[in-house]
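The chain contents come next:
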Amino acid sequence: MAEHEFEAQLWRWDEALDGWFFVTVPAEASDGIRVASGPPRGFGSVRVEVTVGSTTWRTSVFPDKKSGCFVLPVKQAVRRAEGLDAGDPVAVALDVVE
């Protein structure tokens, strides 16, 4: 079982054709990530392993000053494999990795 499991809406940061897509990590999970990650790294990023549907990958979450939470980038290969687009709900399982 993952450290953090949640569902959140997929959103596009930039309306450009190849814009970045993210899921905002809920406040409670963001707080848990801060505690588990130790001292901040560059840009406050935290390395994580993520599972969405049947796809698992490693990436980093990044702090979002506006929401006070972390945001999780969801790469194109994952969106295609899982049939996801902006506005879709995404079930996420996330673990902090060192």
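Up top is the structure.
These numbers were taken from a predicted model, which means no experiment stands behind them. (Residues numbered from 1 in each chain as written. Predicted model: local features only at pLDDT ≥ 70, side-chain atom pairs only at ≥ 80, totals over all residues. Heavy atoms only, no water.)

Caption draft 1: Up close: the pattern of salt bridges. Counting across every chain of the model gives 2 salt bridges. In this structure, Asp 31 and Arg 34 form a salt bridge, with 3.1 Å as the shortest nitrogen-oxygen distance. Highlighted residues: Asp 31 and Arg 34, both in helix H1 (residues 27–37), separated by 3 residues, approximately one helical turn. With a relative accessible area of 45%, Asp 31 lands in the partly exposed category. Arg 34 sits in the partly exposed class, given a relative accessible area of 35%. Put simply, Glu 49 and Arg 58 hold a salt bridge, and the shortest N to O gap is 3.1 Å. Residue Glu 49 is classed as partly exposed on the basis of its relative accessible area, which comes to 28%. Overall, the relative accessible area of 52% leaves Arg 58 in the exposed class. (Salt bridge = Lys/Arg side-chain N within 4 Å of Asp/Glu carboxyl O. Helix = DSSP H or I, 4+ residues; strand = E, 2+ residues; numbered from the N terminus. Buried < 20%, exposed > 50% of the residue type's maximum accessible area, 1.4 Å probe, protein only.)

Caption draft 2: Quick look at the environment of Ser 60. Among the structural elements, Ser 60 can be located in strand E4 (residues 55–64). Along the chain, Ser 60 and Leu 84 lie 24 residues apart, while their C-alpha atoms are 20 Å from each other. Dropping the residues within four chain positions of it, Ser 60 is found in contact with Ser 45, Val 46, Arg 47, Val 48, Val 71 and Pro 73. (Contact = heavy atoms within 4.5 Å.)

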